[in-house]
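The residues making up each chain are set out below.
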Amino acid sequence: MTEKSKKVLLSGIKSTGRPHVANYFGAMKQYVDLQNDYDSRIFIADLHSLTTVQNKNELSQNTLDLAIDYLAIGLDPEKVTIYKQSDLPEVTELAWIFNCITTVPYLMRAHAFKDAEAKSKEVNVGLFDYPILMAADILIHNSDIVPVGKDQKQHIEIARDTAEKFNRIFSTEIFKLPEPYILPSVETIPGVDGLKMSKSNNNHIPLFSTDDEIKKLVMSIVTDSNGGVPVNVYNIHKLFRDEEYLAKLYKEHEGKYKALKEALIEDIIAFISPLRARREEIAKDPESVRLMLKNNAKKLKVEVDEMMNKVREAVGL
Ligand code: TRP
């Protein structure tokens, strides 16, 4: 298939620190698995990060780190266009246009906003508007599918609503409705305490962790004392081994939590160490990573300009 006939896949991640195992299995792995079948565009959502990361060095370091992470997990820069969100400032223009057709009560129903409110966090306008910038990210590419973790599902719905609303108000068919791509089997990945793995729960296993970190984290997995299957160990183990293999292993070591944790440590290390090695290699040459980002944004600019010209025309700007 030629690039032109391939469907467009788009996704991005906020650059707010080290990715963890649940980020990988929940979203990033899909990017790798699907990279041959789509015209894939994967970006670093640095403008979204700015809603929370407000430190120059931290923000730019996070951006570079995430670009390196993308390459380290196996995204092939020949097949996937990896870019930095802020290198396409047209998305902020599109977001503004979308802002003008979006009502405040509609955005007040977004989970991320409601959660922040419930925790009495101070909500900046950027955070409130987060879903609209995300809609612009998606729609500016005429994306067909958007692989994301389950927590982003509502954001894709908002992008679809926004596309429909724009098309209706301005009597056009400029925007295509994107489809979410969410793997049901990875809906919720537990952390070391059995709750959903997340940075905010502080129960996560970093994707590029050292052997020592892995050992410590696995040893800290919370188990009950009734001697059955240690559910929290098993549920993490499931990410790295098939169920048949695990059924045997857990039968063999029934009630022996320490042995099971050691087996899990070994499996996680076997999985992570090649990723880590590749990451170290790529990190030696940050300049070429930065150059890749710049060049990719330049390439995308042509299409994005074309799209924005249509949009400006449709609204009368
Ligand atoms: N919200 C996503 C995250 O938290 C990042 C993101 C921004 C995104 N824009 C997007 C994901 C568009 C998919 C499509 O990491």
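Along every chain, residues carry numbers that run from 1 in the direction the sequence is written. Selection of residues for local features in this predicted model requires a pLDDT of at least 70, selection of side-chain atom pairs for listing and counting requires 80 or more, and totals for whole chains, interfaces and linings are taken over all residues. Side-chain descriptors were evaluated using all non-hydrogen atoms of the structure, hydrogens and water having been removed beforehand.

Asker: A description of the domain arrangement of the protein chain should follow, citing residues and the corresponding values.
Answerer: Taken as a whole, the protein chain is organised into domain 1 (8–187 + 286–315) and domain 2 (211–279). Computed over C-alpha atoms, the centres of domain 1 and domain 2 are 34 Å apart. Here, residues are in contact when the closest pair of their heavy atoms is within 4.5 Å. On the side of domain 2, 7 residues touch domain 1, which itself brings 11 residues to the contact. Counting each side, the surface lost to burial between domain 1 and domain 2 is near 790 Å², with a carbon and sulfur contribution of 61%. Defined here as a combined quantity, buried area equals the accessible surface (1.4 Å probe) lost by two parts on assembly, summed across both. Considering only the side of domain 1, the residues that lose the most area to domain 2 are Val21, Phe25 and Ala72, jointly responsible for 52% of the buried surface there. Take a side-chain nitrogen of Lys or Arg and a carboxyl oxygen of Asp or Glu: if they are within 4 Å of each other, that pair is a salt bridge. Inspection of the domain 1/domain 2 interface yields 3 salt bridges. When the shortest N-O distance is used, the salt bridge between Asp65 and Arg279 registers 3.5 Å. Throughout this description, a polar contact denotes any pair of N or O atoms lying within 3.5 Å of each other; where both atoms belong to protein, one of them has to be capable of donating a hydrogen while the other can accept it, and for residues adjacent in sequence the pair is counted only when both atoms sit in side chains. Scanning the region where domain 1 abuts domain 2 turns up 4 residue pairs in polar contact (both at pLDDT 80 or more). Note that the domain bounds reflect an automated or database-derived domain assignment.

Asker: Can you tell me about the site of the ligand, naming the residues and giving the values?
Answerer: Of all residues adjacent to the ligand, which total 14 residues, the nearest are Gly12, Lys14, Tyr130, Asp137 and Gln152. With respect to the ligand, the backbone of Lys14 contributes an N or O atom lying 3.0 Å from an oxygen atom. At 2.8 Å, a side-chain N or O of Tyr130 approaches a nitrogen atom of the ligand. For the ligand, the accessible surface in isolation is 360 Å², of which the surrounding protein chains cover 93%. Only β1 (8–13) and α8 (130–139) provide two or more residues apiece to the shell around the ligand. Counting residues per element, the shell around the ligand draws most heavily on α8, at 4 residues. Among the residues forming the shell around the ligand, the class breakdown is 8 nonpolar, 4 polar and 2 charged. Consider each residue's heavy atoms; a residue with any of them within 4 Å of a molecule or strand counts as near. Note on areas: Shrake-Rupley with a 1.4 Å probe; residue coverage comes only from the protein chains shown. Numbering of helices and strands runs from the N terminus, with a helix taken as a DSSP run of H or I at least four residues long and a strand as a DSSP run of E at least two residues long. Amino acid classes used here: Ala, Val, Leu, Ile, Met, Phe, Trp, Tyr, Cys and Pro are nonpolar; Asp, Glu, Lys and Arg are charged; the rest, including Gly, are polar.

Asker: Account for the packing of helix α10 (residues 211–219) against helix α13 (residues 257–283), naming residues and giving values.
Answerer: One can describe the packing of α10 onto α13 by two numbers: an axis separation of 10 Å at closest approach and a directional angle of 150 degrees. For the element pair α10 and α13, the recorded crossing hand is right-handed. Only Lys261, Glu262, Leu264, Ile265, Ile268, Ile269, Ile272 and Arg276 of α13 make contact with α10, whose side of the interface consists of Asp211, Ile214, Lys215, Val218 and Met219. Here the contact of α10 with α13 is built from residues that sort into 8 nonpolar, no polar and 5 charged. In this analysis an axis means a line fitted to C-alpha atoms, helices contributing only their contacting stretch, and an angle means the value between N-to-C directions, from 0 to 180 degrees. Crossing handedness is defined as follows: a turn of the near helix away from the far one that is anticlockwise and smaller than a right angle gives a left-handed crossing, while the clockwise case is right-handed.

Asker: Talk me through the pattern of salt bridges; I want residue IDs and the actual numbers.
Answerer: By the definition in use, this model includes 18 salt bridges. Note that Glu303 is salt-bridged to Arg41, the shortest N-O span being 3.1 Å. In this pair, Glu303 is assigned in helix α14 (residues 286–315) and Arg41 in strand β2 (residues 39–44), connecting sequence segments 262 residues apart. Relative accessibility decides the category of a residue: with a 1.4 Å probe and only protein chains considered, values under 20% of the type maximum give buried, values over 50% give exposed, and everything between is partly exposed. Given the relative accessible area of 35%, Glu303 is considered partly exposed.

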